[in-house]
Amino acid sequence: MNTWPRIRLEKRSDTPHWLSRVTPGLSVLAALLVIAVIFGLLGVNPWIAYARILTGAFGSLYGLSETVTKAIPLMLAGTGLAVAFRARVYNIGAEGQLLIGAICATGVALFIPGIPDELRLPAMFLAGALGGAVWALVPAVLKARLRIDEVLTSLMTVYIASELVNYLVYGPWKGPSEWGFPYTDKFPLAAQIPRIGMTRIHYPTLILALLAAVLAYILVQRTRWGFEIRVTGENPEAARYAGMNYLRTAILVMALSGALAGIAGVGEVAGIHYRLRYPQGISPGYGFTAIIVAWLARLNPLGVILTSLLIGGLLVGGDAIQLAMGLPSATVYLFNGMILLFVLSGDLFTRYRIRIELPERVSVLVRQEREEVR
Amino acid sequence: MPHVTVPAVEMRGIVKRFPGIVANDHIDLTVRAGEIHALLGENGAGKTTLMNILYGIYHPDEGEIFVKGQRAHIRSPRDAIRLGIGMVHQQFRLVPSHTVAENIALGLPGHFFFPDRAVRQRLQEFARRYGLHVDPDARIWQLSAGEQQRVEIIKALYRGADILILDEPTSMLTPREIEELMTTVRRMADEGHTVIFITHKLDEVFAVSDRVTVLRQGKVVAIRETARTDKRELARLMVGRDVLFRLEKRPVTIGPTVLEVRNLRVRSDRGLPAVRGVSFSIARGEILGIAGVAGNGQRELVEALVGLRQVEKGRVLLNGEDITNRSPRDLVRRGICYVPGERLVGTVPNLSVAENLILKTYDQAPICRGVFLDTQAIASHADALIEQYAVTTPSRETPLKLLSGGNIQRTILARETSGAPVLLIAAHPTSGLDVGATEYIRQVLLSQREKGTAILLVSEDLEEIFQLSDRIAVMYNGEIMGILPANQADLERIGMMMAGVHRAEPEVV
């Protein structure tokens, strides 16, 4: 006879609404608890660490402004990914599309003369969006034409983009005035995105990001293209049956997510660094972190506004404790990885319930009783 | 009556609640040792839930279970297997790329290396005793549904099951395979096994069972000796009202030809010829029934007609216009509607009822203005169809997957038939549905016929074919064996044609 309580997963026939709402939040909490254990093992008091993260990210005007600054690329790329994932097109290459956007913006900023000053920035945004979209079309076309899995190809295009940046900043685009560093020359003033006061918040990009999230929400929920995206994502066979063009939908969402990631890249080079640098210098993996942002928002573009601020805060706070508490630089990746892991597996509980069964020692007695009655 | 023997299974006061519904409401079930006990009820009546409890997949909220007289706590299928209970689910749980022997050996204790060698010998014994013939070296994906089911049954028997639960075992089988299954079940009972047979088909109850327990909405409504009841009584108990077994089919004046198919050739997914030179025509107000065992090219034929599959050769004409190899969208625009055999193809389970109702009109006025969807138009469209087709749903915003099979099919039918179709193609429209829903869907098809729609009905259910069709075609091995007017067709002739034995004289048009 089993004397231990048993834990079982039981399939739910129905998911209550509130549950799918709270699951992402609870998943993040669970991730934080596990990270706390790891901190403890590293000899760091996790509660102090978390308090520092919180105050680092949200506790001061400086922290807040940095949080918003880091949320900008996450919001842009995350919005695009939320739409693509909705159609079950798994674009993992937002990081590469971001870098291509940065390259295109740099090209327009430094190497195309004759653009009037007031059109310089719009031209850079346009070029970045186009570049990101075209870069994303490579895996999209491979998927649509040859049925090659876009997860692999989009990921591989990241490394190509990254090496392209390296080639440019170490090679032909290396700035003569940069003392041999792998940087391009600094952008002229007309190619720099204005910021709010002393902060690094390049607000035109922020406005673009907010606009993108709202428009993407309307696109998905209220337009016929959005309907095609949702039907394709939920049941590709039904989409075919309804006469929807899978190819067109896949290419549309890939191009859209690529364009938004590309705009994020423009924001980084023209709003933060004012030059193209080696890839890790432009983006500490915003394109990958945006995957977490999108899932955490349950693929709702409006939710992305919130989750990008949350994850942006985590990046800022993570930096703060690295410095203050002498933690390894991988700490932020630990956060990202754990949160994604827990958010994805947290979904399980919207489909299954946990049942804990206590051992029933009484059952033996009941059986005896019954036999006596006979 | 044999003197008091201990029942094989006794379930008392079983209650199982799911959010929003009571799936099992104080159910008592007694299954005598060695009998074939039918568990009859409509979809959603709670049959499968009750058996999942007996098999340890679910846990009852209340109630107790006795197996062979002993109080049992069944916490998992492993416990159930130890008590001698086996279950064959509707969806098979086999590893497609492995062989039969490997699947049977999977999970057995001992035999760490080459586990399949140990099982071979006993496979022969099962073949001899129960007629369960299957090649131990065949890979699962190569087997027909009927053969896969045999593997599942052998798996259960191998694990020592003397109480076998079969969950809607005939739903995937051809008529011939059903016959073989019934023989096997009877032989198992003769050998002393107890069989619980879940079904919603009345014919099966009478074909195989000794006793029958009828469930409706989670409650037991009757227990009968099969020999002492009849179809009408069971149908009434199961549905809760009288059921028409004869549908009224009014005479319709057949109009001009709507669909003409000439010498059509279509290939299967694997690139083999599946439709091999098929010709027929359907007129306004006519139902052409295509009978035949599934897998004889019906699916490929239908998919070619609705644009989901390439036509290799031949022509398809709609009202005289060539529509061969047009896109699905173009065909929808021309008024070809399609009720697919698999409900998953025609629906998006996670989207709402309202959204499923606009699946084919979402890009047209009044649903769509410019690029924007008109929420109000979607809502009023949904409300109108829900009322007209009596779809039972908590609201139009409810995800479709929460509806019963019958109501999902009503939703599909509402979408496909509300727009005055020119040609309606219905593939297995009532498969897996209960009596009440089946009756309703057949009535909708007949009323469409009266409105002048040309209807192509593909079905394995001969009763359905005979009830609805004006002419009956039989498909075998990618060819049409013959087309007979319904009043000249009889079961024997059709049955011979289905088996590919007999070919009718060419139809004189």
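As the structure is a prediction and not an experimental result, all values here were calculated from the model.

1. Regarding the overall build of chain A
Point 1. Each helix and strand in chain A was counted, giving 16 helices and two strands.
Point 2. Considered along the principal axes of its C-alpha atoms, chain A spans approximately 100 × 60 × 30 Å.
Point 3. Burial statistics for chain A: of 374 residues in total, 52% are counted as buried.
Point 4. In chain A, of all internal contacts separated by at least 6 residues, the share reaching a separation of at least 24 is 76%.
Point 5. Of the roughly 17,600 Å² of accessible surface on chain A, 68% is carried by carbon and sulfur atoms.

2. Re helix H12 (residues 286-296) of chain A
Residues and elements named next belong to chain A.
Point 1. Counting buried residues along H12, nine of its eleven residues qualify, which places the element largely inside the surrounding structure.
Point 2. Among all positions of H12, only Tyr 286, Gly 287, Thr 289, Ala 290, Ile 291, Ile 292, Val 293, Ala 294 and Leu 296 are buried.
Point 3. The first or second residue beyond H12 is Arg 298, which carries a positive phi of 50°.

3. Some remarks on empty space enclosed by the protein
Point 1. Across all of its chains, the model carries four cavities of 30 Å³ or more by this definition.
Point 2. In this structure, the largest cavity encloses a volume near 60 Å³.
Point 3. Together, Tyr241(A), Val306(B), Leu308(B), Pro328(B), Leu331(B), Val332(B), Ile336(B), Tyr338(B) and Lys360(B) line the largest cavity.
Point 4. If you list the elements that add at least two residues to the lining of the largest cavity, you get helix H10 (328-333) and strand S16 (336-339) of chain B.
Point 5. Looking at the lining of the largest cavity element by element, the count peaks at three residues for H10(B).

4. A look at the packing of helix H1 (residues 17-41) of chain A against helix H14 (residues 331-346) of chain A
Residues and elements named next belong to chain A.
Point 1. Where H1 meets H14, the axes come as close as 8 Å, and the angle between the chain directions of the two elements is 140°. In terms of their interaxial angle, H1 and H14 are classed as oblique. With respect to the hand of their crossing, H1 and H14 are arranged in right-handed fashion. Residues Thr 23, Ser 27, Val 28, Ala 30, Ala 31, Leu 32, Val 34, Ile 35, Ile 38 and Phe 39 of H1 form the contact with H14, whose participating residues are Thr 331, Leu 334, Phe 335, Met 338, Ile 339, Phe 342, Val 343 and Gly 346.
Point 2. The class makeup of the residues in the contact of H1 with H14 is 14 nonpolar, four polar and no charged.

5. Overview of the domain arrangement of chain B
Residues and elements named next belong to chain B.
Point 1. When cut into domains, chain B gives domain 1 (9-239) and domain 2 (257-335 + 421-498).
Point 2. Between domain 1 and domain 2, the contact holds ten residues from the first and nine residues from the second.
Point 3. Here domain 1 and domain 2 share an interface that buries about 740 Å² over both sides, 58% of which is from carbon and sulfur atoms.
Point 4. Of all residues in domain 1, Asn 43, Pro 175 and His 200 give up the largest surface area on contact with domain 2, accounting jointly for 42% of the area buried on that side.
Point 5. At the junction of domain 1 and domain 2, the tally comes to zero salt bridges.
Point 6. Those elements giving two or more residues to the side of domain 1 that touches domain 2 turn out to be helix H7 (202-208) and helix H8 (231-239).

6. A look at the packing of helix H5 (residues 117-146) of chain A against helix H10 (residues 246-273) of chain A
All names here are of chain A.
Point 1. Two elements in contact, H5 and H10, have axes separated by 6 Å at closest approach and are oriented at 145°. Crossing handedness for the pair H5 and H10: right-handed.
Point 2. Considered class by class, the residues forming the contact of H5 with H10 number 18 nonpolar, four polar and two charged.

7. So, the nonpolar core
Point 1. Counting 93 residues, the largest nonpolar core has Phe227(A), Phe280(B), Leu301(B), Leu305(B), Ile425(B), Leu456(B) and Ile494(B) as the members making the most contacts within it.
Point 2. When residues in this core are grouped by element, the largest group, six residues, is from helix H15 (residues 435-450) of chain B.
Point 3. Here Phe280(B) is in contact with Leu259(B), Glu260(B), Val261(B), Leu288(B), Leu301(B), Leu305(B), Leu456(B), Ile480(B) and Ile483(B), once residues within four sequence places are set aside.
Point 4. One finds Trp173(A), Ile193(A), Ile282(A) and Met338(A) within the second-largest nonpolar core, a separate group that totals 78 residues.

8. Overview of the environment of Glu64(B)
Residue and element names in this part refer to chain B.
Point 1. Within the secondary structure, Glu 64 is located in strand S4 (residues 62-67).
Point 2. By relative accessible area, Glu 64 is classed as partly exposed at 27%.
Point 3. Considering only alpha carbons, one finds Glu 64 and Val 195, 131 residues apart in sequence, at a separation of 20 Å.
Point 4. Setting aside its immediate chain neighbours within four residues, Glu 64 contacts Glu 10, Met 11, Arg 12, Ile 14 and Arg 71.
Point 5. In this structure the side chain of Glu 64 is engaged in a polar contact, spanning 3.1 Å, whose partner is the side chain of Arg 71.

9. Concerning the state of the cysteines
Residues and elements named next belong to chain B.
Point 1. Taken as a whole and judged by the stated rule, the model has zero disulfides over all chains.
Point 2. Among the cysteines around Cys 337, which has no disulfide bond, Cys 368 carries the closest sulfur, lying 19 Å off.
Point 3. Owing to a relative accessible area of 13%, Cys 337 belongs among the buried residues under this scheme.

10. Thoughts on the side chain of Lys47(B)
All names here are of chain B.
Point 1. Tracing the sequence through the fold places Lys 47 in helix H1 (residues 47-54).
Point 2. The buried category is assigned to Lys 47, whose relative accessible area is 3%.
Point 3. For Lys 47, the contacting residues outside a window of four places in its chain are Leu 39, Leu 40, Gly 41, Glu 42, Glu 168, Ile 198, Thr 199, His 200 and Leu 215.

11. Section: unusual backbone geometry
Point 1. For the bond from Ala365(B) to Pro366(B), the omega torsion is 0°, close enough to zero to count as cis.
Point 2. In this structure, Pro366(B) sits in the loop between helix H12 (353-357) and strand S17 (368-369).
Point 3. The phi dihedral of Arg88(A) falls on the positive side, at around 55°, and the residue is not glycine.
Point 4. When you line up the elements, Arg88(A) lands in the loop between helix H3 (61-86) and helix H4 (94-111).

12. Looking at the sheet that holds strand S2 (residues 21-31) of chain B
Residues and elements named next belong to chain B.
Point 1. Ordered by their spatial adjacency, four strands build an open sheet running S2-S1-S4-S5, and the pairing between neighbours is antiparallel. Pairing within the sheet leaves two strands with one partner each, and these edge strands are S2 and strand S5 (70-72). Across the sheet, the axes of successive neighbouring strands diverge by a mean angle of 30°, strand direction being ignored.
Point 2. As paired elements, S4 and S5 share three bridges and run antiparallel to each other. Directly across from Val 67, in S5, lies its bridge partner Gln 70.

13. Regarding the pattern of salt bridges
Residue and element names in this part refer to chain B.
Point 1. By the definition in use, this model includes 46 salt bridges over all chains.
Point 2. With a closest N to O distance of 2.6 Å, Arg 471 and Glu 286 form a salt bridge. Taken together, the residues span a long stretch of sequence, with Arg 471 in strand S21 (residues 471-476) and Glu 286 in the loop between strand S12 (273-283) and strand S13 (287-291) at a distance of 185 residues. Taken individually, Arg 471 and Glu 286 each receive the classification buried, so the pair is uniform in this respect.

Definitions and cut-offs
- Residues numbered from 1 in each chain as written.
- Chains lettered and ligands numbered in written order.
- Predicted model: local features only at pLDDT ≥ 70, side-chain atom pairs only at ≥ 80, totals over all residues.
- Heavy atoms only, no water.
- Helix = DSSP H or I, 4+ residues; strand = E, 2+ residues; numbered from the N terminus.
- Buried < 20%, exposed > 50% of the residue type's maximum accessible area, 1.4 Å probe, protein only.
- Contact = heavy atoms within 4.5 Å.
- Areas by Shrake-Rupley, 256 points an atom, 1.4 Å probe, with all protein chains shown as cover.
- 1 Å grid on protein atoms, 1.4 Å probe; cavity = no way out; pocket = protein on both sides within 12 Å on 5 of 7 lines; lining within 4 Å.
- Points joined across faces, edges and corners; volume = space filled by probe spheres on them.
- Axes fitted to C-alpha atoms, helices over the stretch in contact; angles between N-to-C directions.
- Parallel < 35°, antiparallel > 145°, perpendicular 65-115°, else oblique.
- Left-handed = near helix turned anticlockwise from the far one by under 90°.
- Nonpolar A, V, L, I, M, F, W, Y, C, P; charged D, E, K, R; others polar.
- Domains from an automatic or database assignment.
- Buried area = accessible area lost by both parts, 1.4 Å probe.
- Salt bridge = Lys/Arg side-chain N within 4 Å of Asp/Glu carboxyl O.
- Core = buried A, V, L, I, M, F, W, Y, C linked by side-chain atoms within 4.5 Å.
- Polar contact = N/O pair within 3.5 Å; in protein donor to acceptor, adjacent residues only side chain to side chain.
- Disulfide = S-S within 2.5 Å.
- Pairing = 2+ DSSP bridges.

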